[in-house]
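Analysis of the macromolecular model
Each chain, letter by letter, is given below.
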Amino acid sequence: MSNLTDFFGGNGQTRKMTVLTSGTSWSVPANLVDGLVSVTMIGGGQAQRYVSISDWTAGQGGSVVTEYLLAVTAGGSVSYAIGAAGTGVIAAAGSSTTFGAITAVGGGITASPYKAVGARGGISTVGSTNGQIGAGKYGCYGRVSGGGGIMLGGTFYGTGGGAGAATAQYQPTAGAIYLQWVEQIA
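**With respect to the sheet that holds strand S3 (residues 36-42)**
- Read from one edge to the other, the open sheet built from four strands follows the order S1-S14-S3-S6, with strand pairing classed as antiparallel. The open sheet has two edge strands with one neighbour each: strand S1 (13-20) and strand S6 (64-71). Each strand axis lies, on average, 15° off the axis of its neighbour in the sheet, ignoring direction.
- Relative to strand S14 (residues 176-184), S1 runs antiparallel, the two sharing eight bridges. Bridge pairing links Gln13 to Gln184 in S14.

**Structural notes on the side chain of Gln46**
- With respect to the secondary-structure elements, Gln46 resides in the loop between S3 and strand S4 (49-52).
- Taking relative accessible area as the criterion, Gln46 reaches 13% and is therefore assigned buried.
- When sequence neighbours within four positions are dropped, the list of residues in contact with Gln46 reads Gly59, Gln60, Ala91, Ala92, Ala93, Gly94, Gly107, Gly108, Gly160, Gly161 and Pro172.

**Quick word on the environment of Gly100**
- Along the polypeptide, Gly100 turns up in the loop between strand S8 (97-99) and strand S9 (102-104).
- With a relative accessible area of 42%, Gly100 lands in the partly exposed category.

**So, the pairing of S3**
- Among the seven residues in S3, seven count as buried, and that is most of the element.
- Residues Leu36, Ser38, Thr40 and Ile42 point to one face of S3 and Val37, Val39 and Met41 to the other, with burial holding for every one of them.
- Strand direction decides the pairing type here: S3 and S6, joined by six bridges, are antiparallel. Across the sheet, Ile42 pairs through a bridge with Val64, a residue of S6.
- In the sheet, S3 pairs with S14 via five bridges, with the strands oriented antiparallel. Note on S14: the bridge partner recorded for Ser38 is Gln180.

**A word on the confidence of the model for the chain**
- For the chain, mean pLDDT is 74; residues scoring 70 or higher make up 65% of the total.
- Here residues 111-117 scores under 50 on pLDDT; set against residues more than four positions off or in separate chains, the count is ten contacts.
- Residue range residues 165-169 is modelled with pLDDT below 50. Its contacts to residues more than four positions away, or to other chains, number 14 contacts.

**Examining the sheet that holds strand S7 (residues 77-81)**
- Reading across the sheet, the four strands line up as S2-S7-S8-S9 and stay open at both edges, with antiparallel pairing between neighbours. The open sheet has two edge strands, strand S2 (25-27) and S9, and neither has a second partner. Put simply, the sheet's adjacent strands are angled 20° from each other on average, direction ignored.
- In the sheet, S2 pairs with S7 via three bridges, with the strands oriented antiparallel. Its bridge partner being in S7, Trp26 is matched across the sheet by Val78.

The rules we used
Residues numbered from 1 in each chain as written. Predicted model: local features only at pLDDT ≥ 70, side-chain atom pairs only at ≥ 80, totals over all residues. Heavy atoms only, no water. Pairing = 2+ DSSP bridges. Helix = DSSP H or I, 4+ residues; strand = E, 2+ residues; numbered from the N terminus. Axes fitted to C-alpha atoms, helices over the stretch in contact; angles between N-to-C directions. Buried < 20%, exposed > 50% of the residue type's maximum accessible area, 1.4 Å probe, protein only. Contact = heavy atoms within 4.5 Å. pLDDT = per-residue confidence, 0-100.

What follows is the structure, given as structure tokens:
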């Protein structure tokens with residue numbers, strides 16, 4: 001890539017993008033320009049811990065890798081795994097999302113090669129039906145926010161599970177991978 005503006009297309013080139021939410025292998029386009037793909041991804045969100053109406057904690061969101069420029073081979077393929085959301089009401093960790101050698105750690109996983117984790121969920125106060133609000137998509141009276149998450153194409157990914165007075169649980173979400181690249185127009 002001769003300069004950053006080349007990444008956005010022009011001069012017989014077009015920018016492409018996709019969101020990966022399933023599968024295990026991405027086929028690199030044969031007409032990829034300069035052998036680079038921009039990778040944004042998130043690990044699966046952690047499930048909430050719910051014991052009773054006054055004893056619950058929202059789950060942690062998955063960690064996020066943002067716009068990482070990865071060198072790939074045109075016409076080749078890249079293996080990946082989408083991090084699953086944690087399940088149940090016992091604060092099960094979400095699993096990590098990987099793309100090639102890059103990893104976005106799942107929510108609730110303490111060992112991270114990048115030392116970055118998603119936002120923590122809110123925590124209840126014993127004897128109260130309303131907890132502190134976390135940094136996630138659930139943030140209103142009567143329930144506690146799950147942590148973290150990102151929105152891609154109008155859908156939240158990697159959010160931690162919420163918990164609160166209205167119901168025993170709000171489900172965490174799985175991870176995702178968002179790719180951007182430039183192709184030569186034939």
